[in-house]
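# Chain and residue survey
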Amino acid sequence: MGEETLFQASARRLSGHTAEMFFDKPVVVTNADFRFIVTEQLHDVGIDPGAVLIEPEGRNTAPAVLAAALHVAAEDPEAILLVAPSDHVVPDIEAFHSAVERGMAAVEAGSLVTFGITPDRPETGYGYLEMASASDGSGAAVDLKRFVEKPDAATAEKMLQAGTYLWNAGIFLFRASDVIAAFERFAPSVIEPVRDALAEAKPDLGFLRLAPEPWSKAEDISLDYAVMEKADALSVVPFDSSWSDLGGWDAVWRESGPDATGVVTSEAATAIDCENTLLRSDGSNLEVVGIGLKNIMAIAMNDAVLVADMSRAQDVKQAVTALKAKGASQATCFPKDHRPWGWFESLVVGTRFQVKRILVHPGASLSLQSHFHRSEHWIVVEGTAKVTVDDEVKLVTENQSIYVPLGAVHRMENPGKVPMVLIEVQTGAYVGEDDIVRYEDVYARG
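Quantities reported herein were computed from a predicted structural model and do not represent experimental measurements.

In this section: the nonpolar core. The biggest cluster of nonpolar side chains holds 46 residues, and the ones touching the most others in it are L112, F174 and F183. In terms of nonpolar packing, the next biggest core, distinct from the first, is built from 31 residues, F7, F36, A364 and L366 among them.

Dropping the structure here:
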């Protein structure tokens, strides 16, 4: 949705200074697989990362938010936390900052504050917030009466007409001590395991790894269910500027700016006599063409294609469930696998072979490793690779190749100043990613 990733745009939205506020370094809660992507992406937009807390496993938003609150409160219990997901689209940053400023008075009074989007249609894909009274138009925080689950179409229409309902944006503002107190009162099954996980956390290359055993005992529950729906002092700030959580392909269609006929196409897509249609290809060599389509979304990726009626955008989860049931890897694995040193993608997979494209960042290196079931053949196509195979170390440049026998201890590094790309051909009885023994790793992976 622009030149920056959604994560980078979110981080920029929660940084810098305004007339009323100063944003400290961001605290990021993420999975181990993404820890280097987080710091790399923040660096690329000039944001100095603060604490990066590593979750041993996903336990929903309540434990994640509580871990961040406890970490911040250890230094300043009165610190005010602005909690936001990393995948929202909010074009008007000034309007967003203004909404945050309007919520500060309620926070100072001890309230837990959430943000609600003024609805412009009877949306069934969002949860709702019911205000205790209609907003006076000033945008000031008002008392929150209740949370409402995603409605059916008829109920959504009634709520739109009532004028006292807002979309639940999933963005929160509160004092660290206040939200911790709310957890102590309403979610004791969460707070003790998270406290223990933080107390037993271990630093790792500038990151903070939460302890796995106590973390696994924390209830898998959202912040809304654990605390917000039970708390007494709740306020909501109405926000009437543009916003989307990109919760479905229909939201991507809306945010991409449909043309006069309601059509949105990506660069590698073509629409002929179509109406209200989204055609998207994520591969430059994969063209998508739609002819005579109406209210259709067609999304082509390198490993799967989705075609659905636009009205069924919220039902994509049914497709994921169906794919998982049949054991399809597309339900759980991305075509491009990001690692701290770069990324790789599988181009061809057979019963006893696999062909990959691998990109290694400048100065980065893979672990010193070996395999039990496969040998590898590397062909450098861009840049220069420094390759270790047992006791031999050599430079391999463009159009050169090297063979790694089964069982050989090997490593690949990029000693240059530009990305290095190579094609890897694996052959053997088993070519899964778990056939790896690591001897040394600068990224401290097990």
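With that out of the way, let us pick up the side chain of D224. With respect to the helices and strands, the residue D224 is situated in helix α9 (residues 223-228). Lacking a salt bridge, the buried D224 has K150 as its closest oppositely charged neighbour, with an N-O distance of 11 Å. Within the local environment of D224, its side chain forms a polar contact with the side chain of N168, the two groups lying 3.0 Å apart. If we skip the residues at most four places from it in the chain, D224 touches F147, N168, F172 and E229.

Further remarks concern the UniProt feature "domain: Nucleotidyl transferase" (unreviewed entry) in the protein. According to UniProt, the "domain: Nucleotidyl transferase" (unreviewed entry) feature falls on residues 21-255. In residues 21-255, helix accounts for 38% and strand for 22%; the two terminal C-alpha atoms are 29 Å from one another.

Our focus in this paragraph is the pattern of salt bridges. Summed over all chains, the structure comprises 23 salt bridges. Residue R357 pairs with E345 through a salt bridge whose shortest N-O separation is 2.3 Å. Of this pair, R357 sits in strand β19 (residues 353-360) while E345 sits in strand β18 (residues 342-349), and the two are 12 residues apart along the sequence. For E345, a relative accessible area of 6% translates into the label buried.

This part is about the UniProt feature "domain: Mannose-6-phosphate isomerase type II C-terminal" (unreviewed entry) in the protein. Summarizing the sequence annotation, UniProt attributes the feature "domain: Mannose-6-phosphate isomerase type II C-terminal" (unreviewed entry) to residues 330-441 in the numbering used throughout. In the segment residues 330-441, helix accounts for 0% and strand for 58%; the C-alpha atoms at its two ends are 29 Å apart.

What follows deals with the environment of S10. Its location among the elements puts S10 in helix α1 (residues 6-13). As a C-alpha pair, S10 and A132 span 122 residues in sequence and 30 Å in three-dimensional space. Side-chain polar atoms of S10 contact the backbone oxygen of S86, separated by 3.4 Å.

Here we take up the packing of helix α3 (residues 61-73) against helix α7 (residues 188-199). Contact geometry of α3 with α7 gives a least axis separation of 10 Å together with a crossing angle of 55 degrees. In terms of orientation, α3 lies oblique with respect to α7. The chirality of how α3 crosses α7 is right-handed. Residues A62, P63, L66, A67, L70 and H71 of α3 form the contact with α7, whose participating residues are V190, I191, V194, R195 and L198. When the residues that make up the contact of α3 with α7 are grouped by side-chain class, the tally is nine nonpolar, one polar and one charged.

So, about helix α6 (residues 176-186). Since the α-helix packs 3.6 residues into each turn, any two residues three or four apart lie on the same face. If you check which residues of α6 are buried, you get A176, V179, I180, A182, F183 and F186. The buried residues of α6 all sit within an arc of 155 degrees when viewed along its axis, so they share a single face. The elements touched by buried residues of α6 are α3, β3 (80-83), β4 (112-117), β7 (165-175), α7 and α9.

Turning next to the domain arrangement of the protein. Note: interface size is frequently given as the accessible area lost on complex formation between the parts. Partitioning the protein into structural domains gives domain 1 (6-239), domain 2 (249-326) and domain 3 (336-440). Here the C-alpha centroids of domain 2 and domain 3 sit 35 Å apart.

Our focus in this paragraph is the sheet that holds strand β13 (residues 277-281). The sheet built from four strands is open, its strands ordered β11-β13-β15-β16 with mixed pairing. Strand pairing shows two members of the sheet lacking a second neighbour, β11 (263-265) and β16 (305-309), which therefore form its edges. Each strand of the sheet is rotated relative to its neighbour by a mean of 5 degrees, with strand direction disregarded. Note that strand β15 (residues 296-300) and β16 share five bridges and pair antiparallel. Bridging across to β16, I299 finds its partner in L306.

Attention now moves to the sheet that holds strand β2 (residues 52-55). Spatial ordering of the open sheet is given by β1-β2-β9-β8, a layout of four strands whose pairing is mixed. Two strands close off the open sheet at either side, each with one partner strand: β1 (28-31) and β8 (202-204). On average, each strand axis in the sheet is tilted by 35 degrees relative to the strand beside it, whichever way the strands run. Across four bridges, β1 lies against β2 in parallel orientation.

What follows is about the pairing of strand β6 (residues 142-148). Consecutive side chains of a regular strand alternate in pointing toward one face of the sheet and then the other. Of the strand pairs in this sheet, strand β5 (residues 128-131) and β6 are connected by four bridges, and their pairing is antiparallel. Following the sheet pairing, M131 is matched in β6 by L144. Sheet topology note: the β6/strand β10 (residues 234-239) ladder contains two bridges and is antiparallel. By the bridge assignment, V142 is partnered in β10 with V236.

Procedures and definitions
Residues numbered from 1 in each chain as written. Predicted model: local features only at pLDDT ≥ 70, side-chain atom pairs only at ≥ 80, totals over all residues. Heavy atoms only, no water. Core = buried A, V, L, I, M, F, W, Y, C linked by side-chain atoms within 4.5 Å. Buried < 20%, exposed > 50% of the residue type's maximum accessible area, 1.4 Å probe, protein only. Helix = DSSP H or I, 4+ residues; strand = E, 2+ residues; numbered from the N terminus. Lys, Arg positive; Asp, Glu negative; His and termini not counted. Salt bridge = Lys/Arg side-chain N within 4 Å of Asp/Glu carboxyl O. Polar contact = N/O pair within 3.5 Å; in protein donor to acceptor, adjacent residues only side chain to side chain. Contact = heavy atoms within 4.5 Å. UniProt positions renumbered as here; feature names shortened; annotations may be inferred. Axes fitted to C-alpha atoms, helices over the stretch in contact; angles between N-to-C directions. Parallel < 35°, antiparallel > 145°, perpendicular 65-115°, else oblique. Left-handed = near helix turned anticlockwise from the far one by under 90°. Nonpolar A, V, L, I, M, F, W, Y, C, P; charged D, E, K, R; others polar. Arc of directions from axis to C-beta. Domains from an automatic or database assignment. Pairing = 2+ DSSP bridges.

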